[in-house]
Amino acid sequence: VCVWGQAEPLNSNGQNSLLEEEEEEEEEGEDLFTGSLSVPLVLSLSRSLSLSLSLSLSLFPSATEEVSLDSPERDVLLSDGPSPVTPPASLISPHLPHNHLYTHCSFDEMEEEDTPDLFDISILVSDPEKVGEGMNAYMAYKVTTQTSMSLFKSPQATVRRRFSDFLGLHGKLATRYLHVGYLVPPAPEKSIVGMTKVKVGKDDSSSNEFVEKRRAALERYLMRTAKHPVLLKDPDLLTFLECSELPRALSTQALSGAGILRMVNKAADAVNKMTIKMTESDTWFEEKQQKFENLDIQLRKLHCSLDSLVCHRKELSVNTALFAKSAAMLGNSEDHTALSRALSQLAEVEEKVEQLHQDQAGADFYLLAELLADYIRLIGSVKGVFDQRVRLWQRLQDSLLLLQKKRDAEAKLHANKPEKLQQARDDIRELEGKVQQGERDFEQISKTIRKELFRFEKERVTDFKEVIIKYLESLVQTQQQLIKYWEAFLPEAKAIS
Amino acid sequence: MFSTLLQEGLDDGPDFLSEEDRGPRAVNVDLQTDATLQVDISDALSERDKVKFTVHTKSTLPNFKQNEFSVVRQHEEFIWLHDSFVENEDYAGYIIPPAPPRPDFDASREKLQKLGEGEGSMTKEEFTKMKQELEAEYLAIFKKTVAMHEVFLCRVAAHPVLKKDLNFHVFLEYNQDLSVRGKNKKEKLEDFFKNVVKSADGVLVAGVKDVDDFFEHEKTFLLEYHNRVKDASLKSDKMIRSHKNAADDINRISSSLYTLGTQDSTDVCKFFLKVSELLEKTRKIEARVAADEDLKLADLLKYYLRESQAAKDLLYRRGRALVDYENANKALDKARSKNKDVLQAETGQQLCCHKFEKISESAKQELVDFKTRRVAAFRKNLVELAELELKHAKGHLQLLQSCLGILKGDT
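No experiment lies behind these values; they were computed from the predicted model shown.

Turning next to the UniProt feature "coiled-coil region" (unreviewed entry) in chain A. UniProt's feature table lists "coiled-coil region" (unreviewed entry) at residues 421-448 of chain A, given in the numbering used throughout. Measuring from the first to the last C-alpha atom of residues 421-448 of chain A gives 40 Å, for a span that is 100% helix and 0% strand.

We now examine the packing of helix α6 (residues 192-200) of chain A against helix α7 (residues 205-227) of chain A. Residue and element names in this part refer to chain A. In contact at an axis separation of 9 Å, α6 and α7 are set at 120 degrees when each is read in the N-to-C sense. Judged by the inter-axis angle, α6 sits oblique to α7. Considering how the two elements wind past one another, α6 and α7 form a crossing that is left-handed. Seen from α6, the contacting residues are G194, M195, K197 and V198; seen from α7, they are S206, S207, F210, V211 and R214. Split by residue class, the contact of α6 with α7 holds four nonpolar, three polar and two charged.

This brings us to the confidence of the model for chain B. Residue and element names in this part refer to chain B. For chain B, the mean per-residue pLDDT works out to 83, and 89% of the residues sit at or above 70. The weakest mean pLDDT in chain B belongs to helix α2 (residues 14-17) at 32; the strongest belongs to helix α3 (residues 75-87) at 92. Ignoring residues within four places in sequence, the model shows residues 1-28, a span with pLDDT below 50, making 52 contacts including any to other chains. Quick note on the complex model: pTM equals 0.75, ipTM equals 0.83.

Our next topic: the nonpolar core. Counting 154 residues, the largest nonpolar core has L222(A), L299(A), L472(A), W486(A), F378(B) and L382(B) as its most contacted members. With 24 residues, the top contributor of residues to this core is helix α11 (residues 337-416) of chain A. For W486(A), the residues in contact, after removing those within four places along its chain, are L346(A), V349(A), E350(A), L385(B), A386(B), E389(B) and L390(B).

Residue and element names in this part refer to chain B. Under the 1.5 Å per step criterion, the end-to-end length of α3 is 19 Å for 13 residues, consistent within 8% with the ideal 18 Å. Looking at α3, one finds that the buried residues are H75, E77, F78, L81, H82, D83, S84 and F85. Taken together, the buried residues of α3 touch β1 (37-46), β2 (51-59), β3 (68-74), α5 (124-158) and α6 (166-173).

This paragraph deals with the side chain of D294(B). Residues and elements named next belong to chain B. Mapped onto the secondary structure, D294 falls in helix α9 (residues 268-338). Residue class for D294 comes out buried when judged on its relative accessible area of 11%. If we skip the residues at most four places from it in the chain, D294 touches K144, D237, I240, K244, D299 and K302.

Conventions we followed
Residues numbered from 1 in each chain as written. Chains lettered and ligands numbered in written order. Predicted model: local features only at pLDDT ≥ 70, side-chain atom pairs only at ≥ 80, totals over all residues. Heavy atoms only, no water. UniProt positions renumbered as here; feature names shortened; annotations may be inferred. Helix = DSSP H or I, 4+ residues; strand = E, 2+ residues; numbered from the N terminus. Axes fitted to C-alpha atoms, helices over the stretch in contact; angles between N-to-C directions. Parallel < 35°, antiparallel > 145°, perpendicular 65-115°, else oblique. Left-handed = near helix turned anticlockwise from the far one by under 90°. Contact = heavy atoms within 4.5 Å. Nonpolar A, V, L, I, M, F, W, Y, C, P; charged D, E, K, R; others polar. pLDDT = per-residue confidence, 0-100. Core = buried A, V, L, I, M, F, W, Y, C linked by side-chain atoms within 4.5 Å. Buried < 20%, exposed > 50% of the residue type's maximum accessible area, 1.4 Å probe, protein only. Expected span 1.5 Å × (residues − 1).

In C-alpha cells form, the structure reads like this:
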C-alpha cells in the first residue's frame, strides 16, 4: 500500500508543499502522520534518489500483553527502500532544515548551532481523572511543563493527555529517531487488565495503585525524553507538551489490525536477526554489547528480588495489622489494669509500625523497582540501536555485492550488447551512490551510538546515584519513626506494676 | 552434612547458652530462686533425632546425696514427670506447670536439606551466606527448646509443694536412664479418649454456676483470655515469619548489588558496593529484630497460652470436685430420706467436701499467683522487647546515616 499516495503531489519543492499540507491539515485537527498509521504498514516509496522517502516504523509494545520487560525498540522494521534513513520530509521540523538533522553533518557542528540554553525544564504529570463511562472510559492526566528555554512558546504550559497520546508520541519519536541510532526512551507499558479495572469503575486500592503507578511512569517517561538534547527539539514533543488539543493516536489500540500485523512482522524480523552475522571491526561495540548483556541480566535479577521484597513487606504490613488487633483484644480481656493499658499501647504501636511497613514497601517499589524496570526497558532500546547498526552494515554489504555483480555484467555487455550499456552504466552509477550513502550512514550511526551511549551512561550513573540516596533517606526516616514509637511505648511498659 | 553442622556449632558447652542473660534463664517467669533448690540446664547436645539435656541441681536439702550434681535427660522424661503430676490426685488443686513442647527441628532440617540440594545453582558466597543463616536459625531453635525445658523445671522447683515431689527428686538425681518409654499406640488412644471425655465433661462442668464470685469471675476471664492469647500467638507468629521473609529478600538484593558493583566500570559501582555492604548488615539487624520479637513476644504468648490452659484445667478439676460434692450431697439426702446406707453416704459426702475445699483453697492461691506471675512476665518481656527494638533501630539508623554520609560526600 502506498501511503504517501495521500501526500501527493510532490513537486521539486517536494518538501515545502508537504509541509504546507501538513500544517494545514494539522490545523484542521488531523495529523497527516497519524492518519496514515491507521492503515497497515509496510511501506516504502522510492522515486528518485533525491526525493526518496522511506518510512520505517518501530513496533509498539505487543498488543495483547501486560507488563513485559522486553522493549519493542529492539525490533525496528525497516523498509527495503534504497535510501537510508531520511524520514519523510514532512516530518521535519519547520525550524530545522532537512540535512542538519539527518545526514552526515557532524554532531559537534550541530551542537554549536544550538541555542545556548541551559537545560532547564520540569515536567509534572498529575491529577488523573476518569473521563467517560464504561468500556470507552479513559484516564486523562494533567501535564504541566515549566521551563525557561526559548524552545518553548511560554514558560509554563498545562495540557490534558491520555495514555494513548503518550503512546502516539512515542511511536512518532521512535519512528523518526531509532533507526538513526538515537536511544528513544520506551513508553510505559500497556496493561489491559489494569485499565479494564479502572474503566469498570472499581474504586479499590489496587486500581488506585495502578493509576498511581502509571502516572509516575508517564512522568518519568516525559522527563527522560525531554532530557535528550535531540528529542527535546522534536516538533511532536513540543506539540505534545504545549498544544491543548491533540488528535487521537489510533494505531495504539490493542488488538487492532495494525497491531496484529506488527506482531507478525516482529516474528519475521526475529528470524532475520538470527541470520545476520556481522564482522565487527570495532571492538568498542563488541565490548559494549557484552556489557549491556550482563547489565541486563543483573538488573533483571535485582528487579526480581525487589519485587519479592515489596511483596513480603506488604505481607508484613498486613500481618502486623492483624497482630495489632489481636493484641488490642488481649488487652481488653486482661483484668490487670496497668497491663491492660500497656497491651493496648502495644497494639497502637504495632498499628503505626504497620503503616511504616506499608510506606516502606511503597518506597521500595516506586523508587527502586520502577527505576530498574525503566532501565531494563531502556537497555532494550540500546540493544535495538545495536541491531540497527548491524542491519545497516548488512545493507551496505548487500549493496556492495550488487555493485560488484553489475560491474561484472557491464564488462560482459560491453562486448556483446552496446545498447544496453548506457542502462547498465546508469544502474552502476546509481548503485555507487547508494554504496556511498550506505557507508556514510553506517559511519553516522556508529558515531551517533557512541555519543548516545556516552550520554546514557552518564545519565544512568546520575539516576542510580540519585535514587539510591533517596531510597536510603526513606530507610532513615523509617528507622527514626520506629525509634519514636518504641520510645513512647517504653515508659508504658515500665509502668506496669 | 547435618552432623558436621552440629559438631561445629554446638559443642561449645555452656558458652553458647549464655547470651545476654546469665543466670537462671527463666525467660517467661519471674521466679525467686530459692537457695534450697536451684535447677538449671547447663548443657545440651543435639543428636540425630533427640536432644540430651544436662540437668544440673544445686541443693541444700537433706534428701539428696550430694549438694551439687547433674544428670542427662531427654524430652520424654520431662513429659513423664509432667504427666505424673497431672495424674496425682493430691496435686489437683495446683496449676501444674505446662510441659515443654517437643523439640522440633524438622523445618530447619528440611531447609538445610534443600540448601544442600540447591548447592549447585548458586554462587559460593550465596551458599555460604545461606548456610550461616540456617545454622543461626538452628541454633536459635535449639536455644529456645533448652529454655522451655529449663523453665518447666524451675517452675516445679519454685512451687512449695511440687518441689518436694518424689518423682521430681528421682528425675533430678537418678543418674541412669529412667526407662521412660514414650506412650505406645494403645496408651495414646486411651489418652485421646480421655481428652474427649474431659472436654465434654468440661463443658458440663463449666455450665454449673459457681456460688463463689471469685471463681466465677476467674472462669469467665480465663476462658476469654485463653482464646485471645491463642489468637495473638498465631498472629504474632505470622508477623514474625513475614519479617524473616523480608530479611531473606534483603540478603538476595545485597548479593545482586554486589555482582552489579563488581561488573560496573562507572562511578556508580562504588555506590552499589557500599549499598550491598549496608544491606548485608541491615539483613542481620532485621533478622535479629525478628528473633528478638520471637523470643520476647511470640514465646511469651505461647507460654501463657499453655499456662492459661493449665489454669483452666485447675478450674475444671475444681468444678468437677464441686459437681461431685453436690452429687454426694444429693446422695446423702436421698440416703437419709430412705434411711439406707446413710453412713456410707455420709463418709462419701465428707470426702467430697474435704476434697472440694482443699482444692478451692489452693486454687485460689494458685490463681492469684498466676496473675502475679503473668503480670511480671509480661512487664519484663514488654520492657525488654521495647528496649531491644530501640537498640536495633538506633543501630540501624546509625548504619544508614554513616552510609548516606559517605555516598553523599562522593557525589
